[in-house]
Amino acid sequence: MRFVDEAKIRVEAGNGGAGCMSFRREKYIEFGGPNGGDGGNGGNVYLLADPQLNTLIDFRYRRLFRAQHGQPGMGRDRSGKSGEDLEIRVPVGTVVYDLETEELLGELLKPNERLHVAKGGRHGFGNTQYKSSTNRAPRKTTPGTPGEHRDLRLEMRLLADVGLLGLPNAGKSTLLRQISAARPKVGDYPFTTLYPSLGVVSTGPDQSFVLADIPGIIEGAADGAGLGLQFLRHVARTGLLLHVADILSEHLVEDIRTIEAELEQFDSTLLMKPRWLVLNKVDACTDPTTAIIVANVRRDLDWQGPIHAVSAVSGLGCRELVTAVQAHLDRQRQERATESSR
Ligand SMILES: Nc1nc2c(ncn2[C@@H]2O[C@H](COP(=O)(O)OP(=O)(O)OP(=O)(O)O)[C@@H](O)[C@H]2O)c(=O)[nH]1
Ligand SMILES: [Mg+2]
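Residues numbered from 1 in each chain as written. Chains lettered and ligands numbered in written order. Predicted model: local features only at pLDDT ≥ 70, side-chain atom pairs only at ≥ 80, totals over all residues. Heavy atoms only, no water.

Peer 1: Residues and numbers for the site of ligand 1, please.
Peer 2: By nearness alone, 23 residues border ligand 1, and Lys-172, Thr-174, Phe-191, Thr-193 and Asp-283 come closest of all. A distance of 2.8 Å is found between an oxygen atom of ligand 1 and a side-chain nitrogen or oxygen belonging to Ser-173. At 2.5 Å from an oxygen atom of ligand 1 is found a side-chain nitrogen or oxygen belonging to Thr-174. Notes on ligand 1: free accessible area 650 Å², of which the protein chains cover 87%. Take the shell around ligand 1: its biggest share by element is three residues, from helix 1 (residues 172-179). Along the lines of polarity and charge, the residues of the shell around ligand 1 split into nine nonpolar, 10 polar and four charged. (Near = heavy atom within 4 Å. Polar contact = N/O pair within 3.5 Å; in protein donor to acceptor, adjacent residues only side chain to side chain. Areas by Shrake-Rupley, 256 points an atom, 1.4 Å probe, with all protein chains shown as cover. Helix = DSSP H or I, 4+ residues; strand = E, 2+ residues; numbered from the N terminus. Nonpolar A, V, L, I, M, F, W, Y, C, P; charged D, E, K, R; others polar.)

Shown next, in the form of structure tokens:
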């Protein structure tokens, strides 16, 4: 298993085009002067921060990125066309290292920010450039310099405000789809989600938060079973965890305890984080049943925090959940702001 929030790619800028050697040949002019044009510059490679992207998964399928070469110069003083620059789209928050030297090349933290990662080669000179009063028929040209080649390591810190966790099939991805524009895969089998994904949940003008969906966590996860735990670090820095459980489960309380036990074993500080229960799939329950189950869970777990009963499929209860989450995050931010101003 590899983390997809890391990718290795190779970028190759275009070579500069060679200068041309050529002399004017015209009727009745015996010794025409030099007219070899310069080559074109090689294309550069840039990374461009695209807010539409939220993982580096695309780079698992495509690893080599080449900008165009500059065209060679031509006779009659025509210079070669410059190679086009290449822009590679990466998610906002991507950190870029040189793979070999481990040098930090830059971070793309704002949408549409651009980072120059490989410089195109400089064009060669045609023989016209070497014409002088003492040398009227220069035979000198230069070839153009090669474009820069580089292996890069891209790293993406998932900056989520809220993390989803729960057993496989609890409906985490469905919930992310319901409340954000993200489109993680949903399936009626466990481990549909193999990689974390992020969605932006918009709750009002200029108000939003980022929600992270991670693979389901199963019993034994802390000892290496399943997929979920290695992704927990993505939610470890969030301000709130939403623990999603399937309200239709016959052993709902044990389900919840399983996740808590794995959290505790993996990193007990995670248990200290604000964590809310989200009981999902209430569309398949009748009204009084939902209320009874919620009351039972609260009693059996001695649960002090909020419990939300929702349907990720129909959207029932989701508005209330999202509004409460936003209010919680706003409060947290305010507390942090006053703390730091003290
Ligand atoms: N009836 C009903 N079914 C739901 C609801 N939410 C999710 N499901 C179904 O539950 C199954 C699992 O949903 P997912 O969203 O893929 O679950 P997940 O928690 O992301 O699962 P993993 O990625 O495997 O951990 C799918 O068949 C969903 O259609 C809901 O609110 N009501
Ligand atoms: Mg999923």
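Peer 1: Can you break down the packing of aromatic side chains residue by residue, with the values?
Peer 2: In total, this model carries one aromatic pair according to the counting rule given. Each ring, one from Phe-59 and one from Phe-65, has its centre 5.9 Å from the other, and the planes form 70°; the classification is edge-to-face. Just as Phe-59 is buried, Phe-65 falls in that class too. Looking at Arg-114, its charged tip hangs above the ring of Tyr-46, at a distance of 3.7 Å from the centre. The ring of Tyr-97 carries Arg-153 above its face, with NZ or CZ at 4.5 Å from the centroid. (Phe/Tyr/Trp six-rings, centres within 6.5 Å; stacked < 30°, edge-to-face > 60°. Buried < 20%, exposed > 50% of the residue type's maximum accessible area, 1.4 Å probe, protein only. Lys NZ or Arg CZ within 6 Å of the ring centre and 35° of its normal.)

Peer 1: Before we move on, could you go through the domain arrangement of the protein and cite the residues and values that matter?
Peer 2: When the parts of a complex come together, some accessible area is lost, and that lost area is often used as the size of the interface. As assigned here, the protein comprises domain 1 (6-156) and domain 2 (162-341). Once you take the C-alpha centre of each, domain 1 and domain 2 turn out to be 48 Å apart. (Domains from an automatic or database assignment.)

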